[in-house]
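Chains, contacts and geometry: an overview
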Amino acid sequence: MGYPDGAAAQRPEPDTASGPTLAWLARQWLRSVAGVAFIPGPRVRARECLEFLLHRLAQGLQTEPFDPAIGYLVGVDLVGARMSSPDVLGRTLTLLGERLLPALGVGRQPAAELRLQQLLGQLAVGFTTTLRDAAAGAAEEINRAERAVWRRQQLILQRRMQHALLHDPLTGLPNRSKLFDSVATLIADAGRDQRIGICLIRITRLATVNDTLGHEVGDHLLRQVARRLRPAANRQGHPLAHLDGDEFALVLPATTGPDDAVKAAEAALRVLVEPCVVDGHPIEVAAKAGIVEQPAADANAVELLRRAHIAAGWAIADRNRQYAVFDPQRSSVDIDRHRLAAILPTAIRSGQFYLDYQPLVRLSDRAVVGVEALARWRHPTLGKLGPDQFIGLAEQTGLIQPLGLHLLERACEQAARWQRRLWPPYVSVNLAPAQLQQPDLVAAVVAALDRSRLPPCRLQLEITESTAIDAHHDVLRRLAGLGVRLAIDDFGTGYSSLAYLTELPVRTVKLAARFLDGLREPGAAGPSSKILDHLITMCHDLGISVTAEGVESVAQARHLERLHCDTGQGYLFARPTTPRRLTRMLDGRLPGPGAAPR
Ligand code: C2E
Ligand code: CA
């Protein structure tokens, strides 16, 4: 390596022996190393330091006995003075190798040359050893710092993971696992007489919103529900969780009895009454709650939630209730229902299901113009079971589709037998909402009509209002297109929208029995009568005929007749009965006043 600072190197060497010459060499040394390394601190201090080191080397060269270790210490000090880059060492060795002896006025004597080489060799060892130790120390320091940073990051990550595992990403609320944790802790910490409750809130509208408006809107809805429930829950100190999909749970840590839990549920449902607004559109939340409340000592988290879940199912099944409180007795009946559900498939295959028929009577002359087919189960040990005991079950277990088809085929066969009569009745078959979702429903109806040779106009399909609103309207239109009659069953039991009546090819509306409640007594003309009057008139204006359900008294039949209601169905005329008995009724006129001859 050449001399770094050309100008300085050309300068004439002073010929005096030590003091000023070593000072001059120190300046040269500093210039040389400053070109390849950053020298910290003021220059003058660095120069003084180098001059001091030169003095030590000079001493080392001249002291007897000769000790090359001085060179080692100079190397150490050089690094200590932070002149520690490898280039510094190279330049130092070159510079001192060439200039130190002349600067000391020693000349190039072999003995002095040898000492200088040994000193500089040791300087290199001291320099590199110190540098290596310093580097190792620095690496260790870096390692330690890195490890600390890593540990901190791990902790943050762990906390994040834990949060993610215990919270629902959509709403940010605690999830099912966290809920179980919290409830288990509450139970473990509960005093002897302490009670605990859970209110499970289900957003029943969610599935429809997801299906019709998309999951993004459904997610919006859930976030808004969470936002509404949270403040009230926080105020009361009730932990709130979002379980899955449409389920939220409110933990009621220290209830004094079921009333407390009911109040909490009512408060929660109240904040969900107002529709949520998503993208400027109001969306009804439609929430129902299941409540469980009991002594904490007998509780466990899983069972509590299971009970709240069952109660929510009861609330959902009951149109007239917003919430239900868990009742162990009712639950055991449900367990029996599940036993029934297990044998349903075999029962369908072995023909245990059959139909009774109830006449649909023309009010003007009491003629039987149609019959409603009503499902029954001849259970081998429990005897005759009514539809209330198995239709819901079949719907919940997905068996309503095969069962519904089986019943539809039997009804068509029976109706076909009645077609040979002079005034053949139509047969009216109930369709469960799930059947409308069946992709091959239209094909199945066509097949049943073909097999039985029943004219399509002699088949009426009864669907509920909610089905009429929610179902794919094209399926209903295709059914009507076959010539099949469509009837809205239980009309007036909940939905206020009547728009679908104008949009769908509905042939008949079957008024729910509750419209007749106020018409039991002769001469009744209260509000029920007015509503009935309006409903019947409106249907007739739309070209829809009206059947009144649940006609039990002569007064009701007369009143309906006066309001020009078309047909009636009810115990007044006949209870649901066997096809054989019904055949006899087809031959005669059914009881009731004012019957005109056919
Ligand atoms: P729904 O369609 O409203 O059927 C009429 C129900 O009212 C029948 O009960 C009938 O026995 C009863 N009923 C008839 N007249 C009177 C009356 O004057 N007073 C009173 N209190 N009740 C009367 P049922 O046979 O127990 O059927 C109950 C429900 O089960 C039906 O209500 C219908 O929704 C459903 N259902 C019956 N058969 C089937 C079926 O084959 N498939 C489906 N999906 N549902 C069915
Ligand atoms: Ca019906």
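Residues numbered from 1 in each chain as written. Chains lettered and ligands numbered in written order. Predicted model: local features only at pLDDT ≥ 70, side-chain atom pairs only at ≥ 80, totals over all residues. Heavy atoms only, no water.

Within the chain one finds 22 helices and 16 strands. For the chain, the C-alpha radius of gyration of 48 Å lies well beyond 25 Å, the compact-globule estimate for 598 residues. With the principal axes as the frame, the chain shows a C-alpha extent of 155 × 60 × 50 Å. Within the chain, the proportion of its 598 residues that are buried is 45%. Residue pairs in contact within the chain that sit at least 24 positions apart in sequence constitute 69% of those at least 6 positions apart. Once the 69 positive and 63 negative side-chain charges of the chain are each reduced to a mean point, those two points are 4 Å apart. (Helix = DSSP H or I, 4+ residues; strand = E, 2+ residues; numbered from the N terminus. Rg over C-alpha atoms; globule rule 2.2 N^0.38 Å. Buried < 20%, exposed > 50% of the residue type's maximum accessible area, 1.4 Å probe, protein only. Contact = heavy atoms within 4.5 Å. Lys, Arg positive; Asp, Glu negative; His and termini not counted. Charge placed at Lys NZ, Arg CZ, Asp CG, Glu CD.)

Within the first shell, the calcium ion (ligand 2) binds the protein through Glu-372 (OE), Asn-430 (OD1), Glu-462 (OE), Asp-489 (OD) and Asp-489 (OD), at distances of 2.1 to 3.1 Å. With 6 donor atoms in place around the calcium ion (ligand 2) and angles of 44 to 169° between them, the coordination shape is irregular. Read from N- to C-terminus, the donor residues coordinating the calcium ion (ligand 2) fall into the pattern E-x57-N-x31-E-x26-D. Residue Asn-430 is found in strand β11 (residues 426–430), and its partner Asp-489 is found in strand β13 (residues 485–491); the two are separated by 59 residues along the sequence. By relative accessible area, Asn-430 is classed as partly exposed at 30%. For Asp-489, a relative accessible area of 10% gives the class buried. (Donors = N, O, S within 2.8 Å, 3.2 Å for Na, K, Ca; no water. Tetrahedral: all angles 85-135°; square planar, octahedral: opposite > 155°, others 65-115°.)

In this model, the chain carries an average pLDDT of 87, and 92% of its residues clear a pLDDT of 70 or more. When the criterion is pLDDT under 50, residues 1–19 qualifies, and its contacts beyond four places in sequence or with other chains add up to 27 contacts. Note on residues 593–598: pLDDT under 50 across the span, and 21 contacts to partners over four residues away in sequence or across chains. (pLDDT = per-residue confidence, 0-100.)

The buried fraction of strand β9 (residues 367–379) amounts to 12 of the 13 residues, a majority that puts the element mostly inside the structure. The hairpin turn running from strand β8 (residues 353–362) into β9, its antiparallel successor, is 4 residues long, and Arg-366 in that turn takes a positive phi close to 65°. Relative to β11, β9 is paired through 4 bridges, and the arrangement is parallel. Paired with Ala-373 across the bridge in β11 is Val-429. Pairing of β9 with strand β10 (residues 383–385), which is carried by 3 bridges, proceeds in the antiparallel orientation. Paired with Trp-377 across the bridge in β10 is Leu-385. Between β9 and β10, which pair antiparallel one after the other, the connecting turn spans 3 residues. (Pairing = 2+ DSSP bridges.)

This model, assessed by the stated rule, comprises 5 aromatic pairs. Between Trp-314 and Phe-326, the ring centres sit 5.8 Å apart and the planes meet at 5°, which makes this aromatic pair stacked. One end of the pair, Trp-314, is in helix α11 (residues 301–317); the other, Phe-326, is in the loop between β7 (323–325) and α12 (328–349), with 12 residues separating them in the sequence. The class for Trp-314 is buried, based on a relative accessible area of 7%. Seen from their ring centres, Phe-353 and Phe-390 are 5.1 Å apart, and the 65° between their planes marks the pair as edge-to-face. Placement of the pair is Phe-353 in strand β8 and Phe-390 in the loop between β10 and α13 (391–396), with a sequence separation of 37 residues. Cluster of aromatic residues (ring-pair linked, three or more members): Phe-353, Trp-377 and Phe-390. For Arg-378, the ring lying beneath its charged end belongs to Tyr-354, and the centroid distance is 4.3 Å. One Lys or Arg, Arg-575, reaches over the ring of Tyr-571 and ends 3.7 Å from the middle of that ring. (Phe/Tyr/Trp six-rings, centres within 6.5 Å; stacked < 30°, edge-to-face > 60°. Lys NZ or Arg CZ within 6 Å of the ring centre and 35° of its normal.)

Sheet strands line up and pair through hydrogen bonds in the backbone, either parallel or antiparallel. Reading across from one edge, β2-β3-β1-β6-β7 is the order of the 5 strands in this open sheet, with mixed pairing throughout. Edge positions in the open sheet fall to β2 (240–242) and β7, since each of these has one partner strand only. Taking the axes of each pair of neighbouring strands and ignoring which way they run, one obtains an average angle of 15° across the sheet. With 3 bridges joining them, β2 and strand β3 (residues 247–252) adopt antiparallel strand pairing. For Leu-240, the partnering residue across the bridge sits in β3 and is Leu-250. Each of β1 (195–203), β2 and β3 touches helix α7 (residues 176–189); the most contacted strand, β3, lies at about 15° to it. (Axes fitted to C-alpha atoms, helices over the stretch in contact; angles between N-to-C directions.)

A few words on helix α18 (residues 473–481). Restricting attention to buried positions, one finds in α18 the residues His-473, Val-475, Leu-476 and Leu-479. The buried residues of α18 all sit within an arc of 160° when viewed along its axis, so they share a single face. Those residues of α18 that are buried lie in contact with α15 (433–437), α16 (441–452), β12 (459–464), α17 (465–470), β13 and α19 (499–503). Gly-483 sits one or two residues past α18 and shows a positive phi near 105°. (Arc of directions from axis to C-beta.)

The next subject is the nonpolar core. Formed by 78 residues in total, the largest nonpolar core has its most connected members in Val-427, Leu-459 and Leu-461. A per-element tally of this core places helix α14 (residues 400–418) first, with 9 residues. Setting aside residues no more than four positions away along its own chain, Leu-461 makes contact with Leu-408, Val-429, Leu-431, Val-445, Leu-479, Val-484, Arg-485, Leu-486 and Ala-487. Residues Trp-29, Ala-46, Leu-54 and Met-83 belong to the second largest nonpolar core, which totals 36 residues. (Core = buried A, V, L, I, M, F, W, Y, C linked by side-chain atoms within 4.5 Å.)

In this structure, the second largest pocket occupies an estimated 270 Å³ of space. Elements supplying a minimum of two residues to the lining of the second largest pocket: α9 (215–236), β3 and α10 (258–270). If you tally residues by element for the lining of the second largest pocket, the top one is α10, at 6 residues. Within the lining of the second largest pocket, the residues separate by chemical class into 12 nonpolar, 3 polar and 3 charged. (1 Å grid on protein atoms, 1.4 Å probe; cavity = no way out; pocket = protein on both sides within 12 Å on 5 of 7 lines; lining within 4 Å. Points joined across faces, edges and corners; volume = space filled by probe spheres on them. Nonpolar A, V, L, I, M, F, W, Y, C, P; charged D, E, K, R; others polar.)

With that settled, the discussion passes to the pairing of strand β14 (residues 508–511). Judged by which residues are buried, β14 turns out to be covered on both faces: Thr-508 and Lys-510 on one side and Val-509 and Leu-511 on the other are all buried. As judged from the 3 bridges shared by β13 and β14, these two strands associate in the parallel manner. Bridge pairing links Ile-488 to Val-509 in β14. Bridge analysis of β14 against strand β15 (residues 545–548) gives 4 bridges, and the strand direction is parallel. Each residue of the ladder has a partner; that of Thr-508, found in β15, is Ser-545.

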